[in-house]
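Structure at a glance
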Amino acid sequence: MQILNLTLYPLSYLCHSFQMAGVYIHIPFCHKACTYCDFHFSTSLKNKNAFVEALLREMELRKNFVDEPVTTIYFGGGTPSVLQAEEISRITEKLTETFKVIPQEVTLEANPEDLTEDYLHSLRSTMVNRLSIGIQSFRNERLQWMNRNHTAKQSLQAVQCAKESGFDVSIDLIFALPAMTMQEWQQQLMQADALRVPHISAYSLTLESKTAYAFQVKKKQVQELNDHDAEMQFLAAHDFFTEKGYVHYEISNYSLPGKQAKHNSSYWNRTPYLGLGPSAHSFEKNMRCWNVANNNSYIQYISDGVLPLSCEELQLKDELNETMMTALRTAEGLNIETLENIMTPEMYRHFMKEIALQEKRGWIERKNAVIFIPIKHWYKADRIISEFFITT
Ligand code: SF4
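Predicted model only: the values in this text are computed from it and were never measured. (Residues numbered from 1 in each chain as written. Predicted model: local features only at pLDDT ≥ 70, side-chain atom pairs only at ≥ 80, totals over all residues.)

Quick word on the packing of helix 7 (residues 182–194) against helix 9 (residues 227–243)
Two numbers describe how helix 7 lies on helix 9: the axes approach to 10 Å, and their chain directions differ by 30°. As summarised for this structure, helix 7 and helix 9 are arranged roughly parallel, according to the angle between their axes. In the packing of helix 7 onto helix 9, the handedness of the crossing is right-handed. Where helix 7 abuts helix 9, its residues M182, W185, Q186 and L189 lie against M232, Q233, A236, A237 and F240. Classifying every residue of the contact of helix 7 with helix 9 by side-chain character gives 7 nonpolar, 2 polar and no charged. (Axes fitted to C-alpha atoms, helices over the stretch in contact; angles between N-to-C directions. Helix = DSSP H or I, 4+ residues; strand = E, 2+ residues; numbered from the N terminus. Parallel < 35°, antiparallel > 145°, perpendicular 65-115°, else oblique. Left-handed = near helix turned anticlockwise from the far one by under 90°. Contact = placed C-beta atoms within 7 Å. Nonpolar A, V, L, I, M, F, W, Y, C, P; charged D, E, K, R; others polar.)

Written as structure tokens, this is what we have:
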């Protein structure tokens, strides 16, 4: 991968347009640090006002970056529900003023403790129409271990209230927790199903370095769940949710028919997106850019009229590898005809050879021009996909 530059980019470089799918806005604040989390956030909210001002300014600085209509907006984090409804409205108003916004889906990630009746009522006056609620577990002792700021009861109330307030609701769950049994996971699945939300994300806990979880594992205070049990829990979720009418459309995501997340699907379809806020990534054709992952630096640079962006140009092999990585993690799979004209003959030979090999192993199946990983092998999808990677 060729690194073009890891310093600040002149504005002229960024003044070009592309087919837009969505805007991602990173809200870099959390009430507490979760045990397993390595995202960019600060637990001090003292710079929140300055951050919102900087975000509005960043839109102005990047106004020429987007020509096409913005159809999805995603407030991620961090914890976007630390924002007041008025702050959210200021942000979406500025977006609408700056870009051609034709909103189909405007999602706000939210923590259950923030979704009070009053907050939800005020959110109704904003452009937000979808809430992605970080439940993670319905067990209080698990939530305490995760250092979450909410209880199981608050989760149930938040989902109920969000649904009654008319929001499209998605919930997040985590499996493969230390010492998690199948019985515990089955109970979690039943509780999730009882909420009948249109969308569920179920993530396998991963061990990230420099987290409290990694420290606990190192000190032998907890043990990672073994791969076999984690895979069994993944498959149990698949069986359970599909039986209940959900479509397992991406490794970590389930939806009721027609309720797939539009914004996230654009990542998997490799549609371009603009990322605003510290640490936010943007993607366009063969260029990936990311903002500095530091709140103070972000605010300072933006107030000086400088975009704290770093960019890298993806080479053909990087783009192809990323396309395979994202498409093969979905039920839709990968249409190999789309790659035939893009690959060099040498790449194509390597690719077709790998397909034949993986087909023989049963790790890949083919329907006409579309290849996909059978769901029973999805848990090891990353390993399977890496076999296809083009290295030269
Ligand atoms: S709330 Fe989300 S972003 Fe914040 S620390 Fe927890 S997992 Fe990480």
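Side note on the domain arrangement of the protein chain
Examined at the domain level, the protein chain breaks down into domain 1 (2–268) and domain 2 (316–392). Once you take the C-alpha centre of each, domain 1 and domain 2 turn out to be 28 Å apart. Contact residues are listed per partner, giving 10 residues for domain 1 and 9 residues for domain 2. Counting residues per element, the ones that place at least two in the side of domain 1 that touches domain 2 are helix 9, strand 8 (247–250) and helix 10 (262–268). (Domains from an automatic or database assignment.)

Here's the deal with the site of the ligand
Near the ligand, the surroundings consist of C30, A33, C34, C37, F39, F41, G77, G78, T79, N111 and G134. The class makeup of the residues in the shell around the ligand is 6 nonpolar, 5 polar and no charged. (Near = placed C-beta within 6 Å.)

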